[in-house]
There are 2 protein chains.
Amino acid sequence: MNIVLLSGGSGQRLWPLSNTIRSKQFIKIFKTEDGRYESMVQRVYRQIRKADKDAVITIATSKAQVSSIRHQLGDEVGISLEPCRRDTFPAIALSSAYLHDVAGVPGNEAVVVCPVDPFVEDDFFSMIKALGAQAEKGEANLVLVGIEPTYPSEKYGYIIPASKSGISAVTTFREKPDVRTAERYISQGALWNGGVFAFRLRYLLNKAHELIDFTDYDDLFSKYETLEKISFDYAVAEKEEKIQVMRYKGEWKDLGTWNTLTEAMQENAIGNAMMNERCSGVHIVNELNVPILAMGLHDVVISASPEGILVSDKEQSSSIKPFVEKIDRQIMFAEKSWGSYRVLDVEDRSLTIKVTLKPGNRMNYHSHQYRDEVWVCISGQGKTIVDGVEHPITVGDVVTMQAGCRHTVIAVTELQLIEVQLGEDINVQDKQKYNLTETS
Amino acid sequence: MNIVLLSGGSGQRLWPLSNTIRSKQFIKIFKTEDGRYESMVQRVYRQIRKADKDAVITIATSKAQVSSIRHQLGDEVGISLEPCRRDTFPAIALSSAYLHDVAGVPGNEAVVVCPVDPFVEDDFFSMIKALGAQAEKGEANLVLVGIEPTYPSEKYGYIIPASKSGISAVTTFREKPDVRTAERYISQGALWNGGVFAFRLRYLLNKAHELIDFTDYDDLFSKYETLEKISFDYAVAEKEEKIQVMRYKGEWKDLGTWNTLTEAMQENAIGNAMMNERCSGVHIVNELNVPILAMGLHDVVISASPEGILVSDKEQSSSIKPFVEKIDRQIMFAEKSWGSYRVLDVEDRSLTIKVTLKPGNRMNYHSHQYRDEVWVCISGQGKTIVDGVEHPITVGDVVTMQAGCRHTVIAVTELQLIEVQLGEDINVQDKQKYNLTETS
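Residues numbered from 1 in each chain as written. Chains lettered and ligands numbered in written order. Predicted model: local features only at pLDDT ≥ 70, side-chain atom pairs only at ≥ 80, totals over all residues. Heavy atoms only, no water.

Caption draft 1: Fine view of the overall build of chain A. Within chain A one finds 11 helices and 30 strands. What you see for chain A is a C-alpha radius of gyration of 24 Å, in line with the 22 Å of a compact globule of 440 residues. If one aligns the C-alpha atoms of chain A with their principal axes, the spans along those axes are about 70 × 60 × 40 Å. Looking at chain A as a whole, 56% of its 440 residues qualify as buried. Accessible surface for chain A amounts to roughly 18700 Å². Of this, 46% is attributable to carbon and sulfur atoms. (Helix = DSSP H or I, 4+ residues; strand = E, 2+ residues; numbered from the N terminus. Rg over C-alpha atoms; globule rule 2.2 N^0.38 Å. Buried < 20%, exposed > 50% of the residue type's maximum accessible area, 1.4 Å probe, protein only. Areas by Shrake-Rupley, 256 points an atom, 1.4 Å probe, with all protein chains shown as cover.)

Next up, the structure:
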């Protein structure tokens, strides 16, 4: 099975756990059988692998999410990088070109497209496998998943199937309705459109060439910024006549707000938290290493991260966006492909961070024009390269780097550094990367 | 006027803003006319100075609070140090001996004793001045303040005066009653006993010598630990026949819980905080430098510090003590006479803190047996002394100190350091102090 996971999201509705570089799909909130926590993207990835261990999984996403994806899923997952945001049709066209031209997937194979963050049971992905097989048969150009509605939702578009059978032709589509209209659709047998569908790769590439003037993946990538923002539904699905829907009866949740997210939590608290017996309907997610104590609250969500603290009535938690937009948000923590960092202290002319490198990993070899840096190693072993000179580094070692000096650190075991940045103008843009082999 | 302020408190009921070294009286929560915030002890100190600019103010307290007092009130205030906690009679005896033997206050002068943390208007301290004058007259050995009750409180003992006049003899005392009994007392003209009283210094010293075998201040100090725990009310007041009460009609609040403390706040939020228009009766005190967002809450207090986060229904905020006792509380921030520090990061074998020294101040000259330390200067100018060798220090300078090495830093301007502590056993007890003049 070839599957493309569309990974977008701005991260405001699940503040403070999500931020401009960590979208909601990267929050580790689901407890696994072995007691660890996994994110939505890790959960979906694990579920796909369970349904089809040989699945070719590609994530279509922007540059901002690449580090988080590599950190959480490792190096095996394919990434179709979007140079900028251009809605779903360009994203699917680009990832289809990527699959064909870069990953070498033949044109007659089926590709399934799915959002990266549905909260579903494992059987959903067995159904997805059947969806791909159905598309490969060629009875239709496009096979959609239609989810049997459990309530008259205003959040989904609806698919009107021609029949009640497991696989049916599609009569028509309906835009997101109000509740009363949704009730009418449902009484007429309508299904939710969750944005999951399959096609043969050749079909989509032909559609892409019809609508976009490009030669191959590299060409499409280079002109991506010039493409029109247009959704796949509008550009393709709603115009396609040879189209089917595969019915799915099972849990399907879009965990886009704190209210819906806490419904999917197995426990009332994650992280260091206490609540008295007079709390009811309280959920706490605490990513800070200090305790949260809740007393006598009802239907409240409390969420804390290095970015801030939210305390919200659950119903009203869907309205945080305008407030979050006002917050001047320095990124206070981030997962990188090589490990992670957390900001410990911010002053006008200094920034102190804690850097954790995974064993065998290293930072980019880089320099800063406008700041000096000091590293103090607080755990682990590794080596530094500073202006081409290699040195071992271990607990207690101090490395000072003037502005302009090229540097990196390579972890042998897990390695932790306190990094003090010093300068008049400290910002993440002040970074020049170098190829390590050329210089060391 | 000589005034002794009794400063005790364990700091659990106002967690997380109070901790084992910062009692509630040091929380900066009251907005001053110039827009800054002051603590209860700063407010009371300012109010006393306003009523009597020449007042001799002495704070009777334990060692744990000395740094906070010096940090908040400076070097002028007298401190009668209690070697350990021994209830109010020993504390008043010791501070009386201190006033007589150390501060040179004559025995015929009046001394007023007052808790350090009543929330009162300025006129209370004008009344206090009159209280001292009344004691000096010698009509009675002890003159108490009787506060006109505003509700049948269970938190106070009651004084039954002989008459309704401004100054009256005391008929008797009553223990803290239940509400119905309190109502009866009040209907009989009883007054609250707020623990404020005055006596001539000689009177109290004589009482002390009657009940304790000691010669002078130094002797009393040295045997303080052997003294019986006994309250002033029980040892002296309830047995005294020549006793008067001075009536006070005005605001008197004991801000001992979050619920009562928030009643005295002029604003709904202190620190980085936002709330939506559907919040009512919400108070936020945020000492962290990340935002708190409250949505749709009612009658809730939110308080955040480097020690933790409390979110509590106001009524139930008085019940946090058993929960706070369970928290394993590493001190995460502290005010010292020379400045302050805050813990930034805790690992098994390292601790990273941020140290701020006030201009002209310095740490003790000290060493650690079991940990190495690294300083990175992030702002200001000063000098370090390391094993007797002096060096200037400024932004970007790094100082490494092995275990056993003697060190201090002296701030010329305000100076900030990131200090990384490294060792298998990092604890605050591992500190050997030295006299700087002998070694440098």
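Caption draft 2: Summary view of the confidence of the model for chain A. Chain-level pLDDT for chain A is 93 on average; 98% of the residues reach the 70-or-more range. Scoring the predicted complex yields pTM 0.86 and, for the interface, ipTM 0.85. (pLDDT = per-residue confidence, 0-100.)

Caption draft 3: Spotlight on the interface of chain B and chain A. With 49 residues of chain B in contact, the opposing surface of chain A contributes 49 residues. Sorting the residues of chain B by area buried against chain A places B:Leu293, B:Met295 and B:Ile309 first, and these three jointly supply 17% of that buried surface. Across the contact surface, chain B and chain A share four salt bridges. In this structure, the salt-bridge partner of B:Glu347 is A:Lys354, at a minimum N-O distance of 2.4 Å. Remark: the boundary between chain B and chain A carries 20 residue pairs in polar contact (both at pLDDT 80 or more). Taken together, the residues that form the side of chain B that touches chain A break down as 32 nonpolar, 11 polar and six charged. Pairing analysis gives four bridges linking strand E17 (residues 292-295) of chain A to strand E19 (residues 308-313) of chain B, with the strands arranged parallel. Across the sheet, the residue bridging to A:Ile292 is B:Ile309, located in E19(B). (Contact = heavy atoms within 4.5 Å. Buried area = accessible area lost by both parts, 1.4 Å probe. Salt bridge = Lys/Arg side-chain N within 4 Å of Asp/Glu carboxyl O. Polar contact = N/O pair within 3.5 Å; in protein donor to acceptor, adjacent residues only side chain to side chain. Nonpolar A, V, L, I, M, F, W, Y, C, P; charged D, E, K, R; others polar. Pairing = 2+ DSSP bridges.)

Caption draft 4: Representation of the side chain of B:Glu82. Residue and element names in this part refer to chain B. With respect to the helices and strands, glutamate 82 occurs in strand E5 (residues 78-82). Classification of glutamate 82 as buried rests on a relative accessible area of 5%. Excluding residues that lie within four positions of it along the chain, glutamate 82 makes contacts with Ala60, Thr61, Ser62, Lys63, Ala91, Leu94 and Tyr224.

Caption draft 5: Structural view of unusual backbone geometry. Residue and element names in this part refer to chain A. Across the junction of tryptophan 15 and proline 16, the peptide omega takes the value 5°, indicating a cis bond. Inspection of the secondary structure puts proline 16 in the loop between strand E1 (2-6) and strand E2 (28-31). Positive phi outside glycine occurs at aspartate 87, with the angle close to 65°. Inspection of the secondary structure assignment puts aspartate 87 in the loop between strand E5 (78-82) and helix H3 (88-102). Classification of aspartate 87 as partly exposed rests on a relative accessible area of 40%. Positive phi, normally seen in glycine, also occurs at aspartate 299, with a value near 55°. Mapped onto the elements of the fold, aspartate 299 is located in the loop between E17 and strand E18 (300-305). Accessibility expressed as a relative area gives 43% for aspartate 299, which makes it partly exposed.

Caption draft 6: Molecular detail of the packing of aromatic side chains. As enumerated under the stated definition, the model contains 26 aromatic pairs over all chains in all. Relative to A:Trp252, the ring of A:Phe124 has its centre 5.3 Å away and its plane inclined at 45°; by these criteria the two rings are tilted. Residue A:Phe124 is located in helix H4 (residues 123-137), and its partner A:Trp252 is located in strand E13 (residues 252-254); the two are separated by 128 residues in the primary sequence. Here the aromatic residues A:Phe124, A:Phe125, A:Tyr248 and A:Trp252 are joined through ring pairs into a cluster of three or more. Lying over the aromatic face of B:Tyr234, B:Lys239 brings its terminal NZ or CZ to 4.6 Å of the ring centre. (Phe/Tyr/Trp six-rings, centres within 6.5 Å; stacked < 30°, edge-to-face > 60°. Lys NZ or Arg CZ within 6 Å of the ring centre and 35° of its normal.)

Caption draft 7: Broad picture of the relation of the copies chain B and chain A. For the pair chain B and chain A, the superposition axis carries a translation of 0.0 Å, the fit reaches an RMSD of 0.1 Å, and the rotation angle comes to 180°. Such values leave the two copies arranged in the relation of a two-fold axis. Measuring from the rotation axis to each C-alpha of chain B, the shortest distance belongs to B:Leu344, at 2.9 Å. (Least-squares fit on C-alpha atoms with pLDDT ≥ 70 in both.)

Caption draft 8: Here's a closer look at helix H1 (residues 40-51) of chain A. A rise of 1.5 Å per residue sets the reference length of H1(A), with its 12 residues, at 16 Å; its end C-alpha atoms lie 17 Å apart and thus fit the reference within 8%. Where H1(A) is concerned, the buried positions are A:Met40, A:Val41, A:Gln42, A:Arg43, A:Val44, A:Tyr45, A:Gln47 and A:Ile48. (Expected span 1.5 Å × (residues − 1).)

Caption draft 9: Quick peek at the environment of A:Ala93. Residue and element names in this part refer to chain A. Within the element layout of this structure, alanine 93 appears in helix H3. According to the relative accessible area criterion, alanine 93 is buried, its value standing at 0%. Linking alanine 93 and asparagine 206, residues 113 residues apart in sequence, is a C-alpha distance of 9.6 Å. If we ignore the near neighbours within four places in the chain, the residues touching alanine 93 are Leu204, Ala208, Ile212 and Leu220.

Caption draft 10: Local environment of the pattern of salt bridges. All names here are of chain A. One pass over the full model with this rule turns up 38 salt bridges over all chains. Ionic pairing is found between aspartate 122 and lysine 50, a salt bridge with its closest N-O pair at 2.6 Å. A residue pair is termed long-range when its members are at least 10 positions apart, and aspartate 122 in the loop between strand E7 (118-120) and H4 and lysine 50 in helix H1 qualify at 72 residues.

Caption draft 11: Region of the structure containing the sheet that holds strand E16 (residues 283-286) of chain A. One open sheet holds the six strands; their spatial order is E14(A)-E16(A)-E18(A)-E19(A)-E17(B)-E15(B), and the pairing between them is mixed. Sheet topology places strand E14 (269-270) of chain A together with strand E15 (273-275) of chain B at the edges, where each strand pairs with a single neighbour. Here four bridges tie E16(A) to E18(A), and the two strands are oriented parallel to one another. Bridge pairing links A:Asn286 to A:Ala304 in E18(A).

Caption draft 12: Representation of the sheet that holds strand E16 (residues 283-286) of chain B in the model. Read from one edge to the other, the open sheet built from six strands follows the order E15(A)-E17(A)-E19(B)-E18(B)-E16(B)-E14(B), with strand pairing classed as mixed. Whereas interior strands pair on both sides, the edge strands pair on one side only; in this sheet they are strand E15 (273-275) of chain A together with strand E14 (269-270) of chain B.

Caption draft 13: Structural detail: the side chain of A:Thr384. Residue and element names in this part refer to chain A. Locating threonine 384 in the fold gives a position in strand E25 (residues 381-386). By relative accessible area, threonine 384 is classed as buried at 3%. What threonine 384 contacts, discounting residues up to four positions off in sequence, is Trp375, Val389, Glu390, His391, Ile393, Val399, Thr408 and Val409.

Caption draft 14: Molecular detail of the pairing of E16(A). All names here are of chain A. Because side chains alternate across E16, one face comprises the buried residues His283 and Val285, and the other comprises Ile284 and Asn286, equally buried. Two elements, E14 and E16, share two bridges in a ladder whose sense is parallel. The residue bridging isoleucine 270 from the neighbouring strand is valine 285, located in E16.

Caption draft 15: H3(A), seen in detail. For H3(A), which comprises 15 residues, the first-to-last C-alpha distance of 20 Å matches the rise-based estimate of 21 Å (1.5 Å per residue) to within 8%. Taken residue by residue, H3(A) has A:Phe89, A:Pro90, A:Ala91, A:Ile92, A:Ala93, A:Leu94, A:Ser95, A:Ser96, A:Ala97, A:Tyr98 and A:Leu99 as its buried positions.

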